[in-house]
Amino acid sequence: MVSDGNPYCEIILPLPLSGTFTYFISPADRNHIFPGSRVVVSFGKKKIYTGIVLQIHNHTPEEYRPKEVLEILDEQPIVNDQQLKFFQWMSRYYMCSLGEVINAALPAALKLSSESFVGINPEIDVNSEDLEDREWQLLKALKTNDLTMKDVSEVLGLKQPQKVLKKLSEGGLIDLFEKVKDKYQPKKVKRLRISEVYLDDGMLEGLINELESKPKQQDVLLAYLREIPVLDSPESNVRGITKSSLITQNISASSVKTLIKNNVLIEWEEIVSRLPSDTSKIQGKVSLSQVQESTKRAIIQSFETHNAVLLHGVTGSGKTEIFIELIKEQLETDKQVLYLLPEIALTTQIIARLHKIFGDSFGVYHSRYSDNERVEVWKKVLNNEFRFVVGVRSAVFLPFSNLGLIIVDEEHEPSYKQFEPAPRYHARDAAIYLSTVHHANTLLGTATPALETYQNALDDKYGLVELTSRYGEAYHPKMEFANVNRERKQRKLKGNFTSTLLEAIQESLDKKEQVILFQNRRGYASYITCDNCSTIPKCPNCSVSLTYHQYNNKLVCHYCGYNQSMYSDCLSCGSKELRNVGFGTEELEEEIKLMFPQAIVQRMDLDTTRSKYGYQRIIEEFEDGDIDILVGTQMVSKGLDFDRVNLVGIFDTDRMIHFPDFRSHERAYNLITQVSGRAGRKSKDGKVIVQTNDPDQELLQRVRNGDYLSFFQWEINERERFYYPPFTRIIQTTFKHREKVVSFQAASYFAKEVRNHLGNQRMIGPVEPIIGKIRNMYLHEVTLKIEKQGINLPAVKEYLRSVEMMMKQMPAFKSVGVVFDVDPV
């Protein structure tokens, strides 16, 4: 590039393309454009995109003549400097484009969409053209306004108006073009007040008398005066009343409209927040025990020497109360706080507790909020109206400007890792980097730390604070193992339940206490098989069997969403001998209802919580005692706190332990420990019954002893022996193609090149993953293990990118999809 004195800007476009794009800034716009502003630019021949300005400079590109910025959308930037630094780090570390980061970071409603419009050619005389009726009808409509494709369909009464458009376009009568459309619309409510003319006592009385002959209009006026006493409190008339609340009082809408028309009532619109409000039960403080207070002091002291601190506290130890006190101290110093949670289910309960302390002074950010609601949270953080936000992993992208503390609750959770699409970031690790950008601190809280996190604490990269006792008078629950294999031989099994678990459930119900049953698989059956020909229905798009869901009688693929109706006869041989194999939460729910018909049973999994408030409804009903038995997937394991639960039953333990993955023991230990921690959280004795075929296996004994340190030492030795994290970093590269042989050949070429450069001992693959086909794409994986010391990780990533580019230049591999996953979980 050379400098010519003219201003240019580097734009990040929300596309999976590397780098930024240079655009020219017109003289009229030069004082109105800033880094972090949204701008509208054309890209390619016809497309229009909303981009983010990364930087402004005066270096002219030598290879091409830059296009001009079409429009600046923001008077003030919506992305700040700290965010831009954070986004660039995420792009480099997780091997994705800046455009992919922006696409994930911005709420959809802040990304203007490019929409196709139709407009009339202003130079033609419609009356001189020989037109068919539909063509004339469309051109007549276009004289008034440009139309979207949807508008054109409605005007013509055609679902597919392309033929009409093609003919008019070829005749030069219309133009097709792209126009940006702002998705975000602030929520507005209509309000009413009495015209100031009638605020005088005599004028108001005269108006009421005048309306004696129009009783419906008089009813409107009297209803307003009942709500707003304008004579006693004239200032209350300024705010008036919402139009909707007035009309709901059995008032005639047409009479309201008439009074507005006659200037008796003044109508105006007010922009209001979409965010829920709850200030009914503000308590303002929590009381810490002596142990909690000393733990809080230890955390603050550790922050003096460490950017990040691990709070390793057993389940039920009262970590949330400590978090609340630390949040309050940050807010008192005008700092901002981000409180990350792994699941929306957990945010529901935590939010209710936080409302009692902080009222409406904090924001909530997760995917169940609408696009417009997320934009409102974004803007309130940007304007420092929300200095405290609770959210799931995407909340790390919010426009904080003065962060003092980030809390990552249940830091071990795999839910913090983004899988699809890019960026495939881990919110815990991203939060630690984000805190360094703001010179803030990160607190990692959990009862079962990730092995990498605990190793970092032992290596003094993180501070370490331990909280080893439960809060108050609560004791650790007693754990028992129910031998499924033995009970099957003794014919004591009832469905999927051992007699040990059934007796414990009956005992809890007799005591009016609650039960949680945990099975980490949703649906009714794992799959269906034919006993005559052994056929198992498979997904046509993925190499997996279909899961049977009884509630809608469908066979469903949990990878691509394909579904088909359940059939009564085998599609291969026509036999009716179809059998369920395996079981999920839906089958457990059905069985428990049959065994305990007097109990109120509810299921909590993805199928029952799809609605916006699905989690909240189930959790509130369980908290209020309206549910006796809650059957759920791992949603029920994540930090939920219920007073009346004294029994937890855990199913299918062996499948979790023996899953073919180097993290399977760690995940099984964490899940069993976490879900066990839901029992006996107050002063009641809790019991946990784990159903297993092998009660003597070593992992289960370590879980029962509750000795995390011995489990850590046992597992860390295995990791070191086989060269896995935390002793290495892993970059997994996945190759996708519609032809299996092409996918394998591309992976083999890539692996050979990398082996020649980095050595054979660092490479695994190419291998076909357990699920070798998803959405009609065949997959192969190459795994690279990189030692943490003595190697330049950014240089390795650049090299992998260069091998990808070299491979993509070969005609045979041009259409192969390549996905890099840094630090997969």
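Everything quoted here is computed from the prediction, not taken from an experiment.

S.K.: Now, about the packing of aromatic side chains: what can you tell me, with residues and values included?
M.R.: Under the definition given, this model contains 28 aromatic pairs. With 4.4 Å between their ring centres and 10° between their planes, Trp 89 and Tyr 433 make a pair best called stacked. Linking Trp 89 in helix 1 (residues 81–93) with Tyr 433 in helix 15 (residues 427–437), this pair joins segments that are 344 residues apart in sequence. Classification of Trp 89 as buried rests on a relative accessible area of 13%. On the numbers, 5.1 Å between centres and 80° between planes, the contact of Phe 497 with Phe 651 is edge-to-face.

S.K.: Run through helix 2 (residues 98–105), naming residues and quoting values.
M.R.: Taken together, the buried positions of helix 2 are Leu 98, Gly 99, Val 101, Ile 102 and Ala 105. With its buried residues spanning 160° around the axis, helix 2 presents them on a single face.

S.K.: Give me the lowdown on the pairing of strand 16 (residues 403–409), citing residues and values where you can.
M.R.: The element strand 16 is extensively covered by neighbouring structure, given that 7 of its 7 residues are classed as buried. Where strand 13 (residues 336–340) and strand 16 come together, 5 bridges link them in parallel fashion. Residue Gln 336 lies in a different strand from strand 16, and its bridge partner there is Leu 403. Viewed along the sheet, the connection from strand 16 through helix 15 into strand 17 (residues 441–446) turns out right-handed.

S.K.: How would you explain the environment of Leu 588 if you had to name every residue and give the values?
M.R.: Residue placement: Leu 588 occurs in helix 19 (residues 585–595). Look past the residues within four positions of Leu 588 in its chain and what remains in contact with it is Asn 496, Phe 497, Gln 519, Phe 583, Val 631 and Phe 651.

S.K.: Run through the environment of Met 763, naming residues and quoting values.
M.R.: With respect to the element layout, Met 763 can be found in strand 31 (residues 763–767). Residue Met 763 is classed as buried on the basis of its relative accessible area, which comes to 7%. In this structure, the C-alpha to C-alpha distance between Met 763 and Asp 654, residues 109 residues apart in sequence, is 30 Å. Among residues more than four places away in sequence, those in contact with Met 763 are Ala 751, Val 754, Arg 755, Val 782, Thr 783 and Leu 784.

S.K.: Help me get a handle on the pattern of salt bridges, residues and values and all.
M.R.: Enumeration according to the criterion identifies 32 salt bridges in this entry. With a shortest N-O distance of 2.8 Å, Arg 663 and Glu 452 are connected by a salt bridge. In this pair, Arg 663 sits in the loop between helix 21 (653–657) and helix 22 (664–676) while Glu 452 sits in helix 16 (residues 451–458), placing the two residues 211 residues apart along the sequence. Take Arg 663 and Glu 452: they sit in the same class, and that class is buried. As a salt-bridge pair, Glu 787 and Arg 762 come within 2.6 Å of each other at their nearest N and O atoms. Here the residue Glu 787 occupies a position in strand 33 (residues 777–787), and Arg 762 occupies one in the loop between helix 25 (740–758) and strand 31, the gap between them amounting to 25 residues.

S.K.: Describe helix 1, with residues and values.
M.R.: An α-helix turns once every 3.6 residues. As a result, residues three or four positions apart point the same way. The terminal C-alpha atoms of helix 1 lie 19 Å apart, and with 13 residues this matches the ideal 18 Å at 1.5 Å per residue to within 8%. Those residues of helix 1 not exposed but buried are Gln 83, Leu 84, Phe 86, Phe 87, Trp 89, Met 90, Ser 91 and Tyr 93. Capping the start of helix 1, Asn 80 holds a side-chain oxygen 3.2 Å from the backbone nitrogen of Gln 82, two or three residues further along. After helix 1 finishes, the residue Met 95 shows a positive phi value of roughly 55°.

S.K.: Can you break down the packing of helix 22 against helix 24 (residues 708–721) residue by residue, with the values?
M.R.: Contact geometry for helix 22 and helix 24: axes closest at 11 Å, N-to-C directions at 165°. As judged from the angle between their axes, helix 22 and helix 24 are roughly antiparallel. Like other packed secondary-structure pairs, helix 22 and helix 24 cross with a definite hand, here left-handed. Facing helix 22, whose interface residues are His 665, Glu 666 and Tyr 669, helix 24 presents Tyr 708, Phe 711, Trp 714, Glu 715 and Arg 719. Residue classes in the contact of helix 22 with helix 24 are distributed as 4 nonpolar, 1 polar and 3 charged.

Thresholds, definitions, all that
Residues numbered from 1 in each chain as written. Predicted model: local features only at pLDDT ≥ 70, side-chain atom pairs only at ≥ 80, totals over all residues. Heavy atoms only, no water. Phe/Tyr/Trp six-rings, centres within 6.5 Å; stacked < 30°, edge-to-face > 60°. Helix = DSSP H or I, 4+ residues; strand = E, 2+ residues; numbered from the N terminus. Buried < 20%, exposed > 50% of the residue type's maximum accessible area, 1.4 Å probe, protein only. Arc of directions from axis to C-beta. Pairing = 2+ DSSP bridges. Right-handed = clockwise from strand over helix to strand, strands pointing away. Contact = heavy atoms within 4.5 Å. Salt bridge = Lys/Arg side-chain N within 4 Å of Asp/Glu carboxyl O. Expected span 1.5 Å × (residues − 1). Polar contact = N/O pair within 3.5 Å; in protein donor to acceptor, adjacent residues only side chain to side chain. Axes fitted to C-alpha atoms, helices over the stretch in contact; angles between N-to-C directions. Parallel < 35°, antiparallel > 145°, perpendicular 65-115°, else oblique. Left-handed = near helix turned anticlockwise from the far one by under 90°. Nonpolar A, V, L, I, M, F, W, Y, C, P; charged D, E, K, R; others polar.

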